[in-house]
2 protein chains.
Amino acid sequence: MNIALDMMGGDFAPLEAVKGVFTYLSETSNPAQLLLIGDKSQIEKHLENGAELPSACKIIHASQHIEMEEHPTKALKEKQHSSIALGFQLLASGEADAFISAGNTGAMLVGALLSIKPIEGITRPTIGTYLPREDGNLGLLLDAGINADCKPENLCQFALLGSLFAKHVWNIQIPKVGLLNIGEEEGKGNILAQATYPLLKENKQINFVGNVEGRDIFSDKADIIVCEGFTGNVILKMAEGIHDIIKRRNINDPYFERFEFGQYGGVPVLGVNKPVIVGHGISREDSFKNMIGLAEKIIESDLPGKIRNSFRQENADD
Amino acid sequence: MNIALDMMGGDFAPLEAVKGVFTYLSETSNPAQLLLIGDKSQIEKHLENGAELPSACKIIHASQHIEMEEHPTKALKEKQHSSIALGFQLLASGEADAFISAGNTGAMLVGALLSIKPIEGITRPTIGTYLPREDGNLGLLLDAGINADCKPENLCQFALLGSLFAKHVWNIQIPKVGLLNIGEEEGKGNILAQATYPLLKENKQINFVGNVEGRDIFSDKADIIVCEGFTGNVILKMAEGIHDIIKRRNINDPYFERFEFGQYGGVPVLGVNKPVIVGHGISREDSFKNMIGLAEKIIESDLPGKIRNSFRQENADD
């Protein structure tokens, strides 16, 4: 198993990425082969005490780097020697089985769409955000900002993609899917939610539990919550804002510590042909370690293959 | 000044409404004349120690009551002797200068639209929610759920309505208006936000400060934040949900106590011809007192008149 890791992505790169790699290796008995993509001299500078590179690692030198604020398509086109561009080349060629980056999210999505392509039948691949639930588990909200405008069909696809992720990676046998809405009953909501409800209800591949309101986002009502990316992004950033306030007010509470989203590592790009994981800009050592672990799980469970099968089924049902 | 108050609205009616009236009267040197609409015997039962009704109050008996869950239009049509229907009759006839209820929000909106009508030029009157800001002040988010689908023009009207409210009722001379969005720069966002930005920017009657992201909702970036009612309602309920979690976790913090929305009394229906205030279902004594105070301020400042003037100006500019 070969996992490509962008060493230059995130606010604390490459130091925290290097630390994450070493933590991963020290905690794993049978580690994956890691392809560390980035500026060779910068990466080597951070090797502990001038230690040699562990045998499970190989540095792939990247002479360019895509910054967080750059325009995704333009940057990918102009910086073909950037760590993100190289990562997708490795993934597309089969030299890597997964690609991880905490860099420019837009570039990660565009790179995935252009290189490994969406899975057949999926109109809009999606990136979500984890929801720290009161019961100690995580939920997944899809979409978290990549798809600001959506059609009912997109939300239905998010529901199935999220369900397959929860089943195969989180091992939840029958994940509950909720539709974010502004009322409890069917028929409530804006035009999009009203049109999406019946589609979710009749979809036999998911376990639709109905509408989920803003007050239930952190409850166990649903494992997967679907909405368009505008509202999803507002929710994600509002949760981050609440966490900032909690910290500024010196409130120490284990539940709200789980609102620090960097700790989860990264979220998968769901709906593309190979495993791609996007990390938070504030990713630290543990985030990188967790992202490598998530990549392993997605590769082992063959989530992209499971998704391809389900969407073939979905299209056959139509 | 005559203020009509629905004594039957809210989860703790009529007891808390009666208590609110007495608190208002005891704290006000020159009180308004209060028209208490509701079941006469129920109201009288709650008068303290069988005290007589204060001279500033008059009970208007209502033999019917619209429940929280009833369909607004249907209920108003069928229950013409309900406290909400009677309130709007008093308001429309001029016997009352303002009408307050903590009852069925939908019925309050429909009643306002049918009886006192939207102000000329306003396509969608709106109901907002207060935002407890970290700096100790309140912001106002419009719309909070009444208008789930909006056009750019609606959001622009919300911006002007909110600005006039902040100026004339909150005495903020030049209120800052922000557009809820998922990025900081112009051009970001969904189709609605992208189309709304330039309209807000060119509107000379408001002080547009640009995009406001989810993490800035409780900051002092803007006094008025505009969005469609779907996202607005999710924000409101998510804030209430956070408050519930804070309480369940026994976190005592004065800032988060301000997330208990009942304390603010009610929010105005902005864009209709006379003062109408809608209270939270969980309204208590103080909420009712505060709503009467808000009604006084709106009447004294002639907010509806100010709105009419501004929208005449707006239409002349077009």
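Computed from a predicted structure; not experimentally measured.

Draft legend 1. Highlighting the overall build of chain A. A tally of helices and strands in chain A yields 11 helices and 12 strands. Taken against the 2.2 N^0.38 rule, which gives 20 Å for 318 residues, the C-alpha radius of gyration of chain A at 19 Å falls within 12% of a compact globule. C-alpha extents for chain A along the principal axes are approximately 65 × 50 × 40 Å. When burial is assessed residue by residue, chain A has 60% of its 318 residues classed as buried. By sequence separation, contacts in chain A at least 24 residues apart represent 69% of the contacts at least 6 residues apart. Surface summary for chain A: the accessible area is close to 12900 Å², and the carbon and sulfur share equals 47%. Each charge sign in chain A was given a centre, from 30 positive and 42 negative side chains, and these centres are 2 Å apart.

Draft legend 2. Structural detail: the packing of aromatic side chains. According to the stated counting rule, one finds 22 aromatic pairs over all chains in the structure shown. Taking the centre distance of 5.8 Å and the plane angle of 40 degrees together, the rings of B:Tyr130 and B:Trp170 count as tilted. A residue pair is termed long-range when its members are at least 10 positions apart, and B:Tyr130 in strand β6 (residues 129-132) and B:Trp170 in the loop between α6 (152-168) and β8 (176-180) qualify at 40 residues. By relative accessible area, B:Tyr130 is classed as buried at 6%. Put simply, the rings of A:Tyr130, A:Phe165, A:Trp170, A:Phe218, A:Tyr255, A:Phe256, A:Phe259, A:Phe261 and A:Tyr264 touch in pairs and so form one group of aromatic residues. Here A:Arg284 stacks its cationic end above the ring of A:Phe12, 3.6 Å away from the centre of that ring.

Draft legend 3. Expanded view of the side chain of A:Arg258. Residues and elements named next belong to chain A. Of note, Arg258 is situated in the loop between α9 (254-257) and β11 (266-270). Here Arg258 is buried and forms no salt bridge, its nearest opposite-charge partner Asp135 lying at an N-O distance of 5.8 Å. From its side chain, Arg258 meets the backbone oxygen of Asn137 in a polar contact 2.9 Å long. Look past the residues within four positions of Arg258 in its chain and what remains in contact with it is Pro132, Arg133, Gly136, Asn137, Leu138, Gln263 and Tyr264.

Draft legend 4. Molecular detail of the sheet that holds strand β7 (residues 138-142) of chain B. Residue and element names in this part refer to chain B. Within the open sheet, the five strands sit side by side as β6-β7-β10-β8-β9. Their pairing is mixed. Edge positions in the sheet fall to β6 and β9 (207-212), since each has one partner strand and no second. Each strand of the sheet is rotated relative to its neighbour by a mean of 30 degrees, with strand direction disregarded. Against the sheet, α6 engages β6, β7, β8 and β10 (224-226), with an angle of about 165 degrees to β10.

Draft legend 5. Structural detail: helix α4 (residues 83-93) of chain B. Of all 11 residues making up α4(B), eight are buried, and the element is well covered by its neighbours. In the segment just after α4(B), B:Gly94 is the residue with positive phi, at about 95 degrees.

Draft legend 6. Looking closely at the domain arrangement of chain A. All names here are of chain A. You can read the domains of chain A as domain 1 (1-122 + 271-302) and domain 2 (123-261). The C-alpha-based centres of domain 1 and domain 2 are spaced at 26 Å. Taken together, the contact pairs 15 residues of domain 1 with 14 residues of domain 2. Taking both sides of the interface into account, the surface hidden between domain 1 and domain 2 amounts to around 1100 Å²; carbon and sulfur atoms contribute 73%. If you sort the residues of domain 1 by the area they bury against domain 2, Leu109, Ile122 and His280 come out on top, with a joint share of 41%. Between domain 1 and domain 2 we count zero salt bridges in total. Viewed at the interface, domain 2 and domain 1 are joined by two residue pairs in polar contact (both at pLDDT 80 or more). The set of elements that each furnish at least two residues to the side of domain 1 that touches domain 2 consists of α5 (105-115) and α10 (285-300). Along the lines of polarity and charge, the residues of the side of domain 1 that touches domain 2 split into nine nonpolar, five polar and one charged.

Draft legend 7. Representation of the interface of chain B and chain A. Across the contact, 39 residues belong to chain B and 40 residues belong to chain A. Inspection of the region where chain B meets chain A yields 10 salt bridges. Here A:Glu240 and B:Arg215 are joined by a salt bridge, their closest N and O atoms 2.9 Å apart. Looking at the side of chain B that touches chain A, the elements with two or more residues in it are α7 (191-202), α8 (229-248) and α9 (254-257) of chain B.

Draft legend 8. Region of interest: the environment of A:Ser283. Residues and elements named next belong to chain A. Considering the arrangement of structural elements, one finds Ser283 in the loop between β12 (276-279) and α10. Given a relative accessible area of 1%, Ser283 falls into the buried group. Taking the C-alpha atoms as reference, Ser283 lies 9.5 Å from Gly103; in sequence the two are 180 residues apart. Not counting chain neighbours up to four residues away, the residues in contact with Ser283 comprise Phe12, Glu16, Ala102, Gly265, Phe288 and Met291. Within the structure, Ser283 has its side chain in polar contact with the backbone oxygen of His280 (distance 2.7 Å).

Draft legend 9. Examining the nonpolar core more closely. Core analysis: the largest hydrophobic core is formed by 227 residues, its most contacted members being A:Phe218, A:Phe256, B:Phe218 and B:Phe256. Setting aside its immediate chain neighbours within four residues, A:Phe218 contacts A:Leu131, A:Pro132, A:Arg133, A:Glu134, A:Ala239, A:Tyr255, A:Phe259, B:Met238, B:Ile242 and B:Ile245.

Draft legend 10. Spatial organisation of the relation of the copies chain B and chain A. When chain B is fitted onto chain A, the two copies agree to an RMSD of 0.0 Å after a turn of 180 degrees and an axial shift of 0.0 Å. The two molecules are tied by a two-fold rotation axis, judged by turn and shift. Closest approach to the rotation axis within chain B is made by the C-alpha atom of B:Thr231, at a distance of 2.8 Å.

Draft legend 11. Representation of the sheet that holds strand β8 (residues 176-180) of chain A in the model. Residues and elements named next belong to chain A. Judged by pairing direction, the sheet is mixed, and its five strands sit side by side in the order β6-β7-β10-β8-β9 without closing on themselves. A single partner strand is all that each edge strand has here, and the edge strands are β6 (129-132) and β9 (207-212). Going across the sheet, the axis of each strand differs from the next one's by a mean of 30 degrees, ignoring polarity. Contacts from helix α6 (residues 152-168) reach β6, β7 (138-142), β8 and β10 (224-226), with the element oriented near 165 degrees to β10.

Draft legend 12. Representation of the packing of helix α1 (residues 15-27) of chain A against α10(A) within the structure. Residue and element names in this part refer to chain A. Relative to each other, α1 and α10 sit at 55 degrees, their axes nearing to 7 Å. One element, α1, and the other, α10, form an angle in the oblique class. As α1 packs across α10, the resulting crossing turns out to be right-handed. Touching Glu16, Ala17, Lys19, Gly20, Val21, Thr23, Tyr24 and Glu27 of α1 are Glu285, Phe288, Lys289, Ile292 and Glu296, all from α10. Of the residues belonging to the contact of α1 with α10, the class tally is five nonpolar, two polar and six charged.

Reading the values: rules and limits
- Residues numbered from 1 in each chain as written.
- Chains lettered and ligands numbered in written order.
- Predicted model: local features only at pLDDT ≥ 70, side-chain atom pairs only at ≥ 80, totals over all residues.
- Heavy atoms only, no water.
- Helix = DSSP H or I, 4+ residues; strand = E, 2+ residues; numbered from the N terminus.
- Rg over C-alpha atoms; globule rule 2.2 N^0.38 Å.
- Buried < 20%, exposed > 50% of the residue type's maximum accessible area, 1.4 Å probe, protein only.
- Contact = heavy atoms within 4.5 Å.
- Areas by Shrake-Rupley, 256 points an atom, 1.4 Å probe, with all protein chains shown as cover.
- Lys, Arg positive; Asp, Glu negative; His and termini not counted.
- Charge placed at Lys NZ, Arg CZ, Asp CG, Glu CD.
- Phe/Tyr/Trp six-rings, centres within 6.5 Å; stacked < 30°, edge-to-face > 60°.
- Lys NZ or Arg CZ within 6 Å of the ring centre and 35° of its normal.
- Salt bridge = Lys/Arg side-chain N within 4 Å of Asp/Glu carboxyl O.
- Polar contact = N/O pair within 3.5 Å; in protein donor to acceptor, adjacent residues only side chain to side chain.
- Pairing = 2+ DSSP bridges.
- Axes fitted to C-alpha atoms, helices over the stretch in contact; angles between N-to-C directions.
- Domains from an automatic or database assignment.
- Buried area = accessible area lost by both parts, 1.4 Å probe.
- Nonpolar A, V, L, I, M, F, W, Y, C, P; charged D, E, K, R; others polar.
- Core = buried A, V, L, I, M, F, W, Y, C linked by side-chain atoms within 4.5 Å.
- Least-squares fit on C-alpha atoms with pLDDT ≥ 70 in both.
- Parallel < 35°, antiparallel > 145°, perpendicular 65-115°, else oblique.
- Left-handed = near helix turned anticlockwise from the far one by under 90°.

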